[in-house]
Amino acid sequence: MDHVIDVRGMVKRYSGRAVVDHVSIKVAEGEISGFLGPNGSGKTTTIRMMCGLLTPDEGEGTVLGLDVRKDSRRIRSQVGYMTQRFSFYEDLSIEENLNFVARLYDLHPVRDHVRDTLEDLGLTARRRQLAGQLSGGWKQRLALAACVMHKPKLLLLDEPTAGVDPKARREFWDEIHERAAGGMTVLVSTHYMDEAERCHRIHYISHGTLLASGTVDEVVSEAALTTYVIEGPDLADVMAQLTGAPGVDQVAPFGTTLHVVGRDADLLGETIGKLATDGFTVRPGVTSLEDVFIQLMAEPRETAA
Amino acid sequence: MIAGFSFHRLYALLDKESIQMRRDRITFGMMLGIPLLLLVLFGYAINNDPKHLPTALVTTSQDHYTRAMVTALEMTGYYHFNHIVESAEEAERLFEKGDVSFVVTIPSDFARRVQRNDHPRILIEADATDPSVASGAISTLGTVAAQALLREQPAAAEAAEAMQGQLEVIVHKRYNPEGITQYNVVPGLLGVILQMTMVMMTSMALTRELERGTMENLLSLPATPLEIMLGKILPYLIVGAVQVGVILVAAKLLFSVPFVGGLGLLLAGVLIFVLALVLLGYLISTMARTQMQAMQLAFFFFLPSILLSGFIFPFRGMPGWAQLVGELLPLTHFLRMVRAIMLKGATFDTVANHFGALLLFVFAFAGIALLRFRRTLD
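Residues numbered from 1 in each chain as written. Chains lettered and ligands numbered in written order. Predicted model: local features only at pLDDT ≥ 70, side-chain atom pairs only at ≥ 80, totals over all residues.

### What about the domain arrangement of chain B?
Residue and element names in this part refer to chain B.
- According to the domain assignment, chain B contains domain 1 (53-174) and domain 2 (181-372).
- Placing a centre on the C-alpha atoms of domain 1 and another on those of domain 2 gives a separation of 39 Å.
- Each partner contributes to the interface: domain 1 provides 11 residues, whereas domain 2 provides 12 residues.
- Contributing elements (two or more residues each) for the side of domain 1 that touches domain 2: helix H4 (88-97) and helix H6 (131-139).
- For the side of domain 1 that touches domain 2, the per-class residue count stands at three nonpolar, four polar and four charged. (Domains from an automatic or database assignment. Contact = placed C-beta atoms within 7 Å. Helix = DSSP H or I, 4+ residues; strand = E, 2+ residues; numbered from the N terminus. Nonpolar A, V, L, I, M, F, W, Y, C, P; charged D, E, K, R; others polar.)

Here you go:
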């Protein structure tokens, strides 16, 4: 098995509209793959097709060496899937929820598995708390505990850190990296750029179409964008001047600076050169992943218009 | 102006409410469906003075006096002779099964006694478990029989008139001779209460998971549809068992309802009935999207169950189509079974067909529910 996930041409339609349109993704063993894209771009649908919760309309492939069409039941029992919305029983305690999951996965002895998992994720002290009373960070920890307890080789995490504070997010990611180092493969969908940068590889999907795949550096360099950073007083005025100017694709304020991004380096340079420069400093900047994604998000709409 | 009354705000609320109402198809359908259903059911199906009741004739002779009696009874509109048997035992079996409401016995010496003017008598036994069924038929008996004989002997009118006083129609009200309504209603209530609570509770089974968002997780865990179904319904069998115990004890202590049949047989029947009910509830939960819809669907099923099962109104009094709908309700078969066992002391042989019907519901509901259950979120 060279790839843990190897799906090709996955299509899912809802009332005739392709929500996922010929998406192919490969994820190698032990890799943390980030799955990025705006809301409603088809991330959740793609993940659900991979773990057998949705039947693809077209496409084929394997997950953990099992056919996504024929072996969906076996895939489900061998992956750990963390849903986007917290979906454990709020009227059960952490321990009771884990007992339930452990029994469904046929883990023996249940007590030892639950105890070790509680310990492992630092939930032991809170094990008797009702899941409904937990804060976002602890809920997420419980959800993670429940989907790693049966020691799956593949973790599919659907926006696991939405609504979680930065400290809990940091700890969560440390946890994920630790598990990847232990050989677990992870596919995680997210909106956060800093999380994308913690992935070995990223896949960017928009309007159901996969637009970019690769390491962060690869994706940034393939986008071939040029970025300038402008610093100075009265940036709002400069922003108004630059918006829609030749060669300028994005203008965005970042604190006391302005980021100007364009696809055509020469044209952008020319426009920047014409700016009244008294009082401003203009320097070339580093294109960020966010710049690339905003660019990617804008493009399909341009071609559609 | 924030305080006070604003028609703008009221309009906003009304508009939002009506949009939500229109989006919820099931609720919208129920708003139109329930009044219409009630109207049709009450209007056409319910008849408190049932006619054409199935009757068994026990006779060995075919003389014209016997035929005259039969014709006269049929002319009243209450009796429909659909079984002609030769022995009292056969008639008894039909009675216990609930296949007939009356057994008319015309003794073999009837004709001879009429001719001899020697106290001719016929016996009419009525199934009085439901006192209202038999009352109309019995009350008209008085003169009908004698007049029939009168017509048979027009020549000897005088003799016949003399005989009129002598013809004796003996009426036996069986199973509930005093005509106590509770005897009929309380065993029926056992079924109705179970129907209401069991179906409503289990109709939430899957919709609760859907509403709370735990369904996606449940589906992603390795549990089969059969395991999920059984896991959802079996706990309610215990709830049902407690209810059955309470109702039976109360029936005995509060209403002194007679209990002539076997307890084991009754409990076996109740078990199958409750199983059918929880499966029906589970089936509803595979169809409803919200708990509200599940409640409404359960109610939608509950209504005809009460009206068309023979619980409130005599089953035999309903027109054919309503009886047909009634046959499709588990409660109908349960009522027949529970009344036969508790009031008539029926044995398994007699109620086997009711058991069979209830088992059929169990398998049908379970089968459809399993087919409807989606292992995926498609």
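### Let's talk about the domain arrangement of chain A
- Annotation of chain A at the domain level lists domain 1 (3-220) and domain 2 (226-286).
- Computed over C-alpha atoms only, the centres of domain 1 of chain A and domain 2 of chain A are separated by 39 Å.

### Details of the pairing of strand S10 (residues 209-214) of chain A
All names here are of chain A.
- The pairing of strand S9 (residues 201-206) with S10 spans five bridges and is classified as antiparallel. Looking at S10, one finds that isoleucine 202 is bridged to glycine 214.
- Count of turn residues in the S9/S10 antiparallel hairpin: two residues, of which histidine 207 carries a positive phi of about 50°. (Pairing = 2+ DSSP bridges.)

### Things to note about the pairing of strand S3 (residues 102-105) of chain B
Residue and element names in this part refer to chain B.
- Across four bridges, the pairing between strand S1 (residues 53-58) and S3 is parallel. Within S3, the residue paired with alanine 56 across the bridge is valine 103.
- The pairing of S3 with strand S4 (residues 121-127) spans four bridges and is classified as antiparallel. Counted as the bridge partner of valine 104 is isoleucine 124 from S4.

### Digging into the nonpolar core
- If you look at the biggest cluster of nonpolar residues, it comprises 88 residues, and the most contacted ones within it are Phe102, Phe273, Ala276, Leu277, Val278, Leu279 and Leu280 of chain B.
- The leading source of residues in this core is helix H13 (residues 263-287) of chain B, at 14 residues.
- Residue contributions to this core reach at least three from each of two domains, namely domain 1 (53-174) and domain 2 (181-372) of chain B.
- Sequence-distant contacts of phenylalanine 102 of chain B, that is, excluding residues within four places in its chain, are made with Leu53, Thr55, Tyr79, Ile124, Glu125, Ala126 and Ala137 of chain B.
- Counting residues in each nonpolar core, the second largest holds 80 residues, with Val101, Leu157, Val164 and Leu268 of chain A among its members. (Core = buried A, V, L, I, M, F, W, Y, C linked by C-beta atoms within 7 Å. Buried ≥ 20, exposed ≤ 12 C-beta atoms within 10 Å, placed from the backbone.)

### Here we look at the interface of chain B and chain A
- Counting residues at the interface gives 12 residues for chain B, matched by 16 residues for chain A.
- In terms of residue class, the side of chain B that touches chain A is built from five nonpolar, five polar and two charged.

### Looking at the sheet that holds strand S5 (residues 168-174) of chain B
Residue and element names in this part refer to chain B.
- Ordered by their spatial adjacency, five strands build an open sheet running S2-S1-S3-S4-S5, and the pairing between neighbours is mixed. Across the chains shown, the open sheet's two edge strands, defined by having one partner strand only, are strand S2 (79-85) and S5. Averaged over all adjacent pairs, the angle separating strand axes in this sheet is 25°, with direction ignored.
- Against the sheet, helix H3 (residues 64-75) touches S1, S2, S3 and S4, its axis set at about 145° to S2.
- Packing against the sheet, H4 makes contact with S1, S2, S3, S4 and S5, and its axis sits at approximately 165° to S1. (Axes fitted to C-alpha atoms, helices over the stretch in contact; angles between N-to-C directions.)

### Observations concerning helix H12 (residues 225-255) of chain B
Residue and element names in this part refer to chain B.
- With 31 residues, H12 ought to run about 45 Å at 1.5 Å a step, and its terminal C-alpha atoms sit 43 Å apart, in line with that.
- Of the surrounding secondary structure, the elements contacted by the buried residues of H12 are helix H9 (181-203), helix H10 (205-212), H13 and helix H17 (348-372).
- Residue serine 256 follows H12 closely and has a positive phi angle near 50°. (Expected span 1.5 Å × (residues − 1).)

### Some words on unusual backbone geometry
All names here are of chain A.
- In this model, histidine 108 is joined to proline 109 through a cis peptide bond whose omega is -15°.
- Structurally, proline 109 is set in the loop between helix H3 (94-104) and helix H4 (110-120).
- In this model, aspartate 106 sits at a positive phi of 60°, which is unusual for a non-glycine residue.
- Counting through the fold element by element, aspartate 106 comes out in the loop between H3 and H4.
- Note on aspartate 106: 10 C-beta atoms within 10 Å, which makes it exposed.
- Unlike most non-glycine residues, alanine 224 shows phi in positive territory, near 50°.
- Within the fold, alanine 224 resides in the loop between helix H8 (216-223) and strand S11 (226-231).
- On the basis of neighbour counts, which here come to 12 C-beta atoms within 10 Å, the residue alanine 224 falls in the exposed class.

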